[in-house]
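Each chain, written out:
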Amino acid sequence: MEHCNITHYNDELPHVFDIDIGDNIFGRDTSDPISSMNMAFAPAIDAKVPWAAILGNHDQESTLSRREVMEYITKLDHTLSQVYPQVNGSRMMDIAGFGNYHLEVKGVLGSPFENKSVLNLYMLDSGDYSKIRNINGYGWIQESQKKWFLELTNQLKVGCWSETCLFTYSKSCTKLL
């Protein structure tokens, strides 16, 4: 089986930002999750590219908990990742999961969009496995996350350059509404 080599991908398609969308390590096959994460994020770190990561359902299947995985990620160079979302300048720690956060991109200085929100990226930890008896399988977005998301989008409406800059929901996110 051929494996993707992200270093070659970075050389062929230079970019200014990376998002790692979960399953950063596959725990059962990982005896050393720290080394595994270091290898996974090395291309972005070595290229000095800002990057962000969110947890997938397999990221806790090793010697580290989900919280420990996310805390480690936030200490790596050039990451914009966060363990808890920031709300009005303080960390919101009563939200389900780890790695729920928001990254806001503002318009270019000197443009009509200066200091206006032009892109908002929402990172949500979808959990590992169901905690509800008789419901097998993977976890899902929890009510506390939905509440945070909806409150944040309402706050961000004030700083948007137009109503169209708000999050566009994909089929996988429609349940948040």
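Scroll up to find the structure.
Residues numbered from 1 in each chain as written. Predicted model: local features only at pLDDT ≥ 70, side-chain atom pairs only at ≥ 80, totals over all residues. Heavy atoms only, no water.

Undergrad: How should I be thinking about the overall build of the protein chain in this particular structure?
TA: Scanning the protein chain for helices and strands turns up four helices and six strands. Helices (α) and strands (β) of the protein chain occur, in sequence order from the N terminus, as α-β-α-β-α-β-β-β-β-α. Looking at the protein chain as a whole, 40% of its 177 residues qualify as buried. Here the contacts in the protein chain between residues at least 6 apart in sequence split such that 60% fall between residues at least 24 apart. Accessible surface computed for the protein chain: about 11,000 Å², of which carbon and sulfur atoms make up 55%. (Helix = DSSP H or I, 4+ residues; strand = E, 2+ residues; numbered from the N terminus. Buried < 20%, exposed > 50% of the residue type's maximum accessible area, 1.4 Å probe, protein only. Contact = heavy atoms within 4.5 Å. Areas by Shrake-Rupley, 256 points an atom, 1.4 Å probe, with all protein chains shown as cover.)

Undergrad: Would you take a moment to explain the packing of aromatic side chains for this structure?
TA: Aromatic ring pairs: the centre-centre distance and the angle between the two ring planes describe each pair. Per the counting criterion, the structure on display carries four aromatic pairs. On the numbers, 6.1 Å between centres and 65° between planes, the contact of Tyr84 with Phe98 is edge-to-face. In this pair, Tyr84 sits in the loop between helix H3 (66–74) and strand S3 (86–87) while Phe98 sits in the loop between strand S4 (90–91) and strand S5 (101–106), placing the two residues 14 residues apart along the sequence. (Phe/Tyr/Trp six-rings, centres within 6.5 Å; stacked < 30°, edge-to-face > 60°.)

Undergrad: Looking at this model, I keep getting lost on the side chain of Asp125. Mind explaining?
TA: With respect to the helices and strands, Asp125 occurs in the loop between strand S6 (117–123) and helix H4 (143–156). Among the polar contacts made by the side chain of Asp125, one reaches the side chain of Arg66 at a distance of 2.5 Å. One polar contact links the side chain of Asp125 to the main-chain amide nitrogen of Phe98, over a distance of 2.8 Å. Contacts of Asp125, omitting those with residues within four sequence positions, involve Ile54, Leu55, Arg66, Gly97, Phe98, Gly99, Asn100, Ile141 and Gln145. (Polar contact = N/O pair within 3.5 Å; in protein donor to acceptor, adjacent residues only side chain to side chain.)

Undergrad: Is there a simple way to think about the nonpolar core in this case?
TA: In a soluble, globular protein the nonpolar side chains are often hidden away together inside. Grouped together as the largest cluster of nonpolar side chains are 22 residues, with contacts concentrated most on Met37, Phe41, Trp51, Val69, Ile73 and Met123. Those elements that place two or more of their residues in this core are helix H2 (33–46), strand S2 (51–54), H3, S5 and S6. Setting aside anything within four residues of it in sequence, one finds Met37 in contact with Ile25, Leu64, Val69, Tyr72 and Ile73. Grouped together as the second largest cluster of nonpolar side chains are eight residues, Met92, Ile95, Tyr122 and Leu156 included. (Core = buried A, V, L, I, M, F, W, Y, C linked by side-chain atoms within 4.5 Å.)

Coordinates in, geometry out; function isn't part of it.
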